[in-house]
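Okay, here's what each chain looks like letter by letter:
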Amino acid sequence: MRLAQQPGERIDRSRRIKFSFDGRSVEAHPGDTIASALLAGEQRVLSRSFKYHRPRGELCFSGRCAHSMMDVDGWPGARACSELVREGLRVQHINAWPSLRFDVMRATDLFGGPFTPPGFYYKTFIRPRRLWPVYEKVLRNAAGLARLRPAQDEREWRTEYRRRHCDVLVIGGGVAGLQAAIAAARSGADVVLADEDLEPGGRLLVEGAHEEARDLVRTAREAGVEVLEGAAALGFFDGLVPVWQGSTLHQVRAARHIAATGTVEQSLVFPDNDLPGVMLSGGARRAAALYGVAPGAAVLVAATSDSGLDDALALYRAGVRVVAVADLRDAPDSADLAQQLGAAGIELISGSTVVRAAGRGGVSEAVTARVDERGVARSGTTKRHECDVIAVGGGEVPASSLLLQAGAHATYDERSGRFVAGELPPSVHAAGSVVGHESAAAAAASGSVAGLEAALALGIGGSEVEQQLAEARERLVAAGGPGRVAVAPALATDGRRGGKAFVDLDEDVTAKDIAYAVDEGFSSIELAKRYTTVTMGPSQGRFSQLPSARLIAKATGLSLGEIGMTTARPPWVTVPLGALAGRPFEPAKRSSIHGCHRDLGATVRWAGDWRRAYDYGDPQGEALAVQQTAGLIDVSTLGKLIVAGPDAGAFLDRLYPNRLSNLAPNRIRYGVLTSEAGRITDDGTVCRLDENSFLVTTTSSGAGAVEQWFSWWLATWDMDVRLTDVTQGLAAVNLAGPKAREILSSLTDLDCSAEGFPYLHARQGTVAGVPCLAMRIGFVGEVGYELHFPAAYGEHLWGAIMEAGREHGIRPFGMEPQRILRLQKLHVIVGQDTDSESLPAAAGMPWIVKLDKEEDFIGRWALELAADRVPESKLVGFTTANGHVPTEGAVIVRDGVAAGQVTSSRYAPKLDRVIGMAWVPTDLAVDDAQVQISDAGRILEARVTTRPFYDPEGEVLRS
Amino acid sequence: MSYVLTCPNCGTREVTDFAFGGEVTERPTERPTPRELNTYVYFRRNVAGRQREWWCHRSGCRSWFLAERDTRTQEVFWTALPGDAPPADEVTS
């Protein structure tokens, strides 16, 4: 039911919008949340509970409890009371089948109680063991609350990371937080304020001071505070606070933190305290004040402090019928409040509390009574009240999770009956009700104190700020301490049987369950928590922390101080995993020719960060084409570094084991990079462009590491060299095969003859109008030209070469045929055929190490030591007899013992043979030696070869 | 582990922007004995306390620079390009 217009309401009554709930159309006003619109339409039941599938209604009206979880447009974890209504929204209930009204799993509540104590699944389903898979299936289906959309693309959404460094981060936008932010910002600090509610302002918004709240927010913004609305601080990680706001995760790092996180209202424990209609009194008040919705037709308020009385009066003034207020205390602190209740005609039942709720599918009656020290109703004090809402206020618990995560300690304060966070770590301040400054005046003053203290700690502001701080401290003292709170009984009952009394409504944990756990020996709060899952539900135990501690105190006879409080782990609010995973900052790389590969139907696979053409559907045919006519491969993924400057040659001499400074311009040399331990780390070609500059190519996956390696040594040695990474700037293709020369000639004025452009030479000229560096190198073993050119011309040059080669039968080839071709030549792929222990000499490249070089180079000393020793194993080629291709990684065995492994193996179509490379014991690393390969349980005979399978003398390559 | 480093070129950034290059080691100037070489290549002091170390601003300017950091508290005392770093013998560890 809608109330008359409320002064601070958020809804726009002049307009109407519609959404659907379980297929039924529901009317709302802009500004309504799903829950407020449903409540206005008398929809009391919102969901079914986790374990017993009991109907549940609104509890906190702040978007924190599990009751309001719904599937909103496919998002199963949305909270109905913090999700704004939008036109056409499709909302569905969760965790009930076949319908919200009738749920078959309710049977667990009606009949299963005795069989489902805490931990029943550990005890019941372990025997017989072989049936576990069956049990598991059933349990998995019964567990959980909702279902994700099955298709990946229906679950995808875009999230962003944002890093924000500031002087002060204020968490919580109530009066304390706002005043703290304003004070710090006015002193000159860069301040961020994160508030988790739809609108900052905290209690001011519901307590009739909405205009003051909105003024404060405006003032904060004018003072330069960055106010993040609907933004929840998730945790405290070494000073880094992730703040989740919709689809953005702000990673806020501040020099000082001010926690103004307020308090959380606690529920009361009595039989059937989960009936729809039992809600927190603050929640009932929020519904009326913010959305103009009556929580029900007749409300009974159960209070333990003056704030409950205040809530009752506020509801009455909003137009809600309040049948009575049961106050656990014998008299309110404020006689004025009692008088106002009297004037409103609301009965104040002092010394009483609710001992039972009754009704079918919702509250229709509340029973109040005076209770003894065990919480049992004293005879003759019982009263029945007809009502449909029981608004309970079981006291407030400071929302100190973030403070505790930051390293503060919680101690129980007997005087105020609550846990208080103390011993704040350096750099962390606290303000407002989280540290007991409850009244608006006290909260405001404590906020100013915290904000000014933070500014002074940062060294911002001078004597003026100190003066303001002194004044704020005076205001804080004048505002006085917190009011008196009656300690509610752990469990209040009318002494009759029947009805479950819930301590944790999220997890369906009852008072009986806690007693049961303590009986079984789980008497520490940490153990009882894990055993019963109390406080472990979606609301992170917000509403059940104090009740669960009280129940354990009751069962063990210990005091609350001795029992302590559990620390809620991050995240403080439920957050989609996608928000934490974020959008990756290392996106897939595609070469500028990628579109051509797609058009040609390439199979695309990952190669490091790159998406590369693996083949074009026929790897063997593609390999044959390179050997018979011509092939074209995109090698843009190669790392490319320009090393330039007067010391460039000397610099490369220090990095490579061979000599590069004596390379003539337009000449090319193969090079292997080694670590200080002499082990192979990367390979590629080095081409001298002119006197002072070289183009170095690296493996595709090693580009980043090589650049880092080069720049690191450059930083160490301080040589006159400039490094430019042109990996992304240059595209590259390799045109190879018997017809390659003819095809290239038709596209360029360069002399491509064998004499005019010999092997391992480079030329600079235009090909199809594109400025190119053409290098004659032969990874695939045929006459080949590697063309490097500005990436923007990628598709043009690729298309021009394919067109010119068409009459010669050119084919594009991918990574897989390239691997077959290079294997025929025993050309090593670093990382595939070598590992972090491979030495050049053992990997079949003794010629690459020039120990006669005068200069020192990286790895020299280790390579010198290695040169004196015979390696244990060597990398060789092999062929198998029976045509079986051994798995890469298969083991070389000798006398039944592992003695090496296969690193590469392929069927080579041109040779019509199975070929491969393997590490074998050194004494077997000779031509025609026989080795055995153990592959998935079968033994293959293989013959060793140390020479390339194809064109061993390199005549084809050089022609 | 979460802290910030100040790149001498780009300014203060989250540590995840940087690549760690390990503690600063002294490359032998003369031919080392096998034991010295082994120590240089494989062994690190791994101090619990102030350490001079290499960092590379991987997601930024890609420069290498030196930093001195307390490995226990993650407090970073200074960062500097190699030429601007205080002499190593002034470092207490």
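Residues numbered from 1 in each chain as written. Chains lettered and ligands numbered in written order. Predicted model: local features only at pLDDT ≥ 70, side-chain atom pairs only at ≥ 80, totals over all residues. Heavy atoms only, no water.

(A) Spotlight on the nonpolar core. Residue and element names in this part refer to chain A. Counting residues in each nonpolar core, the largest one holds 83 residues, and the members touching the most others are Phe19, Ile34, Met70, Val191 and Val325. Counting residues per element, this core draws most heavily on helix α6 (residues 175-186), which supplies eight residues. In contact with Ile34, not counting residues within four places along its chain, are Phe19, Met70, Val72, Ala80, Glu83, Val85, Leu89 and Val91. With 46 residues, the next largest nonpolar core counts Cys166, Val241, Ala259 and Val428 among its residues. (Core = buried A, V, L, I, M, F, W, Y, C linked by side-chain atoms within 4.5 Å. Buried < 20%, exposed > 50% of the residue type's maximum accessible area, 1.4 Å probe, protein only. Helix = DSSP H or I, 4+ residues; strand = E, 2+ residues; numbered from the N terminus. Contact = heavy atoms within 4.5 Å.)

(B) Region of interest: the pattern of salt bridges. Residues and elements named next belong to chain A. All told, the structure shown has 61 salt bridges over all chains when counted by the stated rule. The partner of Asp109 in a salt bridge is Arg106, and the shortest N-O contact between them spans 2.7 Å. Overall, Asp109 belongs to the buried group, its relative accessible area being 6%. Among the ionic contacts, a cluster of salt bridges with common partners joins Arg54, Arg56, Arg106, Asp109, Asp272, Asp274, Lys500 and Asp508. (Salt bridge = Lys/Arg side-chain N within 4 Å of Asp/Glu carboxyl O.)

(C) Quick look at the packing of aromatic side chains. Applying the stated criterion across every chain, the model contains 18 aromatic pairs over all chains. Considering the side-chain rings of Phe18 of chain B and Trp55 of chain B, the 6.4 Å spacing of their centres and the 85° angle between planes classify their relative orientation as edge-to-face. Residue Phe18 of chain B is found in the loop between β2 (11-14) and β3 (19-23), and its partner Trp55 of chain B is found in strand β4 (residues 50-56); the two are separated by 37 residues along the sequence. One aromatic cluster is present, built from ring pairs that chain together Phe651, Tyr656, Trp709, Phe710, Trp712, Trp713 and Trp717 of chain A together with Trp54 and Trp64 of chain B. Geometry around Trp572 of chain A places Arg542 of chain A over its ring, the cationic atom sitting 3.8 Å from the centre. (Phe/Tyr/Trp six-rings, centres within 6.5 Å; stacked < 30°, edge-to-face > 60°. Lys NZ or Arg CZ within 6 Å of the ring centre and 35° of its normal.)

(D) Structural context of the domain arrangement of chain A. Domain assignment breaks chain A into domain 1 (1-154), domain 2 (160-263 + 397-479), domain 3 (267-394), domain 4 (502-575), domain 5 (595-637 + 731-755 + 765-827) and domain 6 (870-959). Distance between the C-alpha centres of domain 1 of chain A and domain 6 of chain A: 63 Å. (Domains from an automatic or database assignment.)

(E) Just the side chain of Ser700 of chain A, in detail. For Ser700 of chain A, the position within the fold is in the loop between β35 (693-698) and α23 (703-717). One polar contact links Ser700 of chain A to Thr637 of chain A, side chain to side chain, over a distance of 2.7 Å. (Polar contact = N/O pair within 3.5 Å; in protein donor to acceptor, adjacent residues only side chain to side chain.)

(F) Region of the structure containing the interface of chain B and chain A. Counting from both sides, the interface comprises 26 residues of chain B and, opposite them, 26 residues of chain A. Across the interface of chain B and chain A, roughly 2100 Å² is buried in total on both sides, 51% from carbon and sulfur atoms. Broken down residue by residue, the surface that chain B buries against chain A is led by Glu14, Arg27 and Trp64 of chain B, which jointly contribute 29%. At the junction of chain B with chain A, the criterion picks out seven salt bridges. Its salt-bridge partner being Asp725 of chain A, residue Arg62 of chain B comes within 3.1 Å of it at the nearest N-O pair. Summed over the shared surface of chain B and chain A, the number is 13 residue pairs in polar contact (both at pLDDT 80 or more). Of all the elements in the fold, those that place two or more residues in the side of chain B that touches chain A are β2, α1 (34-42) and β4 of chain B. The element contributing the most residues to the side of chain B that touches chain A is α1 of chain B, with five residues. Here the side of chain B that touches chain A is built from residues that sort into 15 nonpolar, three polar and eight charged. (Buried area = accessible area lost by both parts, 1.4 Å probe. Nonpolar A, V, L, I, M, F, W, Y, C, P; charged D, E, K, R; others polar.)

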